[in-house]
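Here is how the chains run, residue by residue.
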Amino acid sequence: KVLDFDASTIEYAQFSIAMPKSWNEGTVTFQAFWAPSSTDTGNAMIGLQGISVANDATSDIAFPTAIDVTDSGTAALEDVLVSPVSANVTVTSAAADTYTYFQVARNATNGSDTFTGDVRLLGVKLFYTTDAANDA
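The structure reproduced in this document is the subject of the present report. Keep in mind the model is a prediction, meaning the values are calculated, not measured.

A few words now on the overall build of the protein chain. Summing up its helical and strand segments, the protein chain has 0 helices and 9 strands in all. The N-to-C order of helical and strand elements in the protein chain reads β-β-β-β-β-β-β-β-β. The C-alpha atoms of the protein chain give a radius of gyration of 16 Å, which matches the 14 Å a tight globule of 136 residues would have. For the protein chain, the spread of C-alpha atoms along the principal axes amounts to about 50 × 30 × 25 Å. Across the 136 residues in the protein chain, those meeting the buried criterion constitute 36%.

Laid out in C-alpha cells, this is it:
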C-alpha cells in the first residue's frame, strides 16, 4: 500500500493524530519511507507541515511552510528507501490537548527534485521530544 506522488506536480496527503500529553509541544522531525517507481537515481524532495487545533476550534486550517528532506533514488525498483531525518518542523499552534494535522507532499516542482519517477510513499516516522515520563 503506497501513495504515489507524481514527478511533475506537487501532490499532498494528510494524516492527523492526537499528540501525547508528554509531548513538549516543540518542533518535530521526520523520516520518509518510500519506494522508487523507476530505477532513476535522481533526488526526491518530500516535505511535511503541521498544525494543531484546540477543542472547539475550526478544522478549516491553512498549513504553514513545509520542511523538505531530500533523498536519492539509489535503489532498485520497489526497494524500500529511508530518507535522512529532516530539519525541525514547527507545528503551528502546538499546545496540550490539541488534535494535530500533518500534510506530506512531494516538492516535485522544485528544481532540486530530479527523480523522474513517482515517489511511492510507504509511511512517515515522526520524532518528537517529551518533557514527562508518561501521560498521566
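Now, onward.
Moving on, we get to the pattern of salt bridges. One pass over the full model with this rule turns up 3 salt bridges. When the shortest N-O distance is used, the salt bridge between Arg120 and Asp4 registers 2.7 Å. In this pair, Arg120 sits in strand β9 (residues 119–127) while Asp4 sits in strand β1 (residues 3–5), placing the two residues 116 residues apart along the sequence. When the shortest N-O distance is used, the salt bridge between Arg120 and Glu78 registers 3.8 Å. Of this pair, Arg120 sits in strand β9 while Glu78 is found in the loop between β5 (67–72) and β6 (81–82), placing the two residues 42 residues apart along the sequence.

This paragraph deals with the nonpolar core. Phe5, Val28, Phe30, Trp34, Ile46, Val104 and Val119 are the most contacted members of the largest nonpolar core, which totals 21 residues. Counting only elements with at least two residues in this core, the list comes to β3 (29–36), β4 (43–53), β8 (99–106) and β9. Not counting the four nearest positions on each side in its chain, Val119 is found in contact with Leu3, Asp4, Phe5, Trp34, Ala35, Ala44, Ile46 and Arg106.

Calculation rules
Residues numbered from 1 in each chain as written. Predicted model: local features only at pLDDT ≥ 70, side-chain atom pairs only at ≥ 80, totals over all residues. Heavy atoms only, no water. Helix = DSSP H or I, 4+ residues; strand = E, 2+ residues; numbered from the N terminus. Rg over C-alpha atoms; globule rule 2.2 N^0.38 Å. Buried < 20%, exposed > 50% of the residue type's maximum accessible area, 1.4 Å probe, protein only. Salt bridge = Lys/Arg side-chain N within 4 Å of Asp/Glu carboxyl O. Core = buried A, V, L, I, M, F, W, Y, C linked by side-chain atoms within 4.5 Å. Contact = heavy atoms within 4.5 Å.

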